[in-house]
Amino acid sequence: MRDVIILGSGPAGLTAAIYTARANLRPLVLEGSQPGGQLMLTTEVENFPGFAEPVLGPELMQRMRQQAQRVGAEFVAEDATSVDFRRRPLRVGASNGEVYEARAVIVATGARPRMLGLPSEAKYLGRGVSTCATCDGFFFRGKRVVVVGGGDTAMEEALYLANLAEQVQVVHRRDQLRASRILQDRAFRHPKISFVWNHVVDEILGEDSRVTGVRLRHTQTGETQELSTDGVFVAIGHIPNTDVFRGQLELDPAGYVLLTRGMMTSVEGVFAAGDVHDHTYRQAVTAAGFGCQAAMEAERWLAQQG
């Protein structure tokens, strides 16, 4: 039996692994089917402290993993397929058929961006297609960008990008937004933001390794048109990776883990960190900070249990 099992190996999970390993808690990390989390799909990262020059997302995650291994964390390249948090010790079933037991668990399974599902979207992801304006907007200074979506996330992305880009065009499948009124008003008033109503993205166009435009389809008439752009920001929401915890942990209506006090979930001894509970910031550095908090709280909780 372990002191701590950590589910997930993004910035939150790896930071938690570093802190719990240094506290001599012998953490076991179930990396998941996508080790490294969303940063594995990112090219250059410029906003993570400590790097004067941009660092590739996969390289950053590899460095964090090596650091966690160096201080004593153990890794298993498997998914958590089931959990039993109703009894002690806490149990986690893995995709290799093993059942692991621990006194405490840190849930850091993250979230995944909701995508359009186009082959061209996958082709140009990280090469002009992005799901995070605060991560990648810097690379589009003075350029034209398209934001896809009509909710709060899309308006926040558009407003952020409007401070950097020359032009921001919001493509929405309906004729009105779903975003909160205050965000709508800000977007409508901004001189750099315009809207393309009743359209969906049929194809992302590009040359070699860069985006050059999008082909749009009218949702009512079916007519298509092409729109030139340097970048496409997909902002149609995120999906927290919490299916395995349904019925075990309290989740909000969108599926994010609810915290009770600090980083503790609805179950004593089970903590959460990163995008699995945070639908506000969704940054690598904030996820790492949450991982640190969860690890320190887990250490204190374990000490209190004797």
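Residues numbered from 1 in each chain as written. Predicted model: local features only at pLDDT ≥ 70, side-chain atom pairs only at ≥ 80, totals over all residues. Heavy atoms only, no water.

## So, the overall build of the protein chain
Then comes step 1: From N to C terminus, the protein chain includes seven helices and 19 strands.
Then comes step 2: For the protein chain, the C-alpha radius of gyration of 21 Å lies close to 19 Å, the compact-globule estimate for 306 residues.
Then comes step 3: Dimensions along the principal axes, computed over C-alpha positions, put the protein chain at roughly 65 × 40 × 35 Å.
Then comes step 4: Counting over 306 residues, the protein chain shows a buried share of 51%.
Then comes step 5: In the protein chain, the share of contacts with a sequence separation of at least 24, taken over all contacts with a separation of at least 6, comes to 58%.
Then comes step 6: Here the protein chain has roughly 14400 Å² of accessible surface; of this, 45% comes from carbon and sulfur atoms. (Helix = DSSP H or I, 4+ residues; strand = E, 2+ residues; numbered from the N terminus. Rg over C-alpha atoms; globule rule 2.2 N^0.38 Å. Buried < 20%, exposed > 50% of the residue type's maximum accessible area, 1.4 Å probe, protein only. Contact = heavy atoms within 4.5 Å. Areas by Shrake-Rupley, 256 points an atom, 1.4 Å probe, with all protein chains shown as cover.)

## Structural notes on the pattern of salt bridges
Then comes step 1: By the definition in use, this model includes 13 salt bridges.
Then comes step 2: We note a salt bridge from R26 to D3, for which the minimum N-O separation is 3.7 Å. With R26 in the loop between α1 (11-22) and β2 (28-30) and D3 in strand β1 (residues 2-7), this residue pair connects regions lying 23 residues apart in the sequence.
Then comes step 3: Take R26: its relative accessible area is 41%, and that puts it in the partly exposed class.
Then comes step 4: Measuring nitrogen to oxygen at the nearest pair gives 3.7 Å for the salt bridge that ties R144 to D230. With a gap of 86 residues between them, R144 in strand β11 (residues 144-148) and D230 in the loop between β16 (224-228) and β17 (231-234) connect regions that are remote in the sequence. (Salt bridge = Lys/Arg side-chain N within 4 Å of Asp/Glu carboxyl O.)

## Brief notes about the sheet that holds β16
Then comes step 1: Taken in spatial order, the three strands make up an open sheet running β14-β15-β16, and their pairing is antiparallel. The open sheet terminates on both sides in strands that have one partner only, identified here as β14 (199-207) and β16. Across the sheet, the mean angle separating the axes of adjacent strands is 25 degrees when strand polarity is ignored.
Then comes step 2: Pairing of β14 with strand β15 (residues 210-218), which is carried by eight bridges, proceeds in the antiparallel orientation. Its bridge partner being in β15, V201 is matched across the sheet by L216. (Pairing = 2+ DSSP bridges. Axes fitted to C-alpha atoms, helices over the stretch in contact; angles between N-to-C directions.)

## Regarding the environment of S9
Then comes step 1: Structurally, the position occupied by S9 is in the loop between β1 and α1.
Then comes step 2: Along the primary structure S9 and V146 are separated by 137 residues, whereas in three dimensions their C-alpha atoms are 31 Å apart.
Then comes step 3: The contact partners of S9, leaving out residues within four places of it in the chain, are L14, V29, E31, Q34, P35, G36, G37, M61 and A108.
Then comes step 4: Among the polar contacts listed, one links the side chain of S9 to the backbone oxygen of E31, at a separation of 3.0 Å.
Then comes step 5: At 3.1 Å, the side chain of S9 and the backbone nitrogen of G36 are in polar contact. (Polar contact = N/O pair within 3.5 Å; in protein donor to acceptor, adjacent residues only side chain to side chain.)

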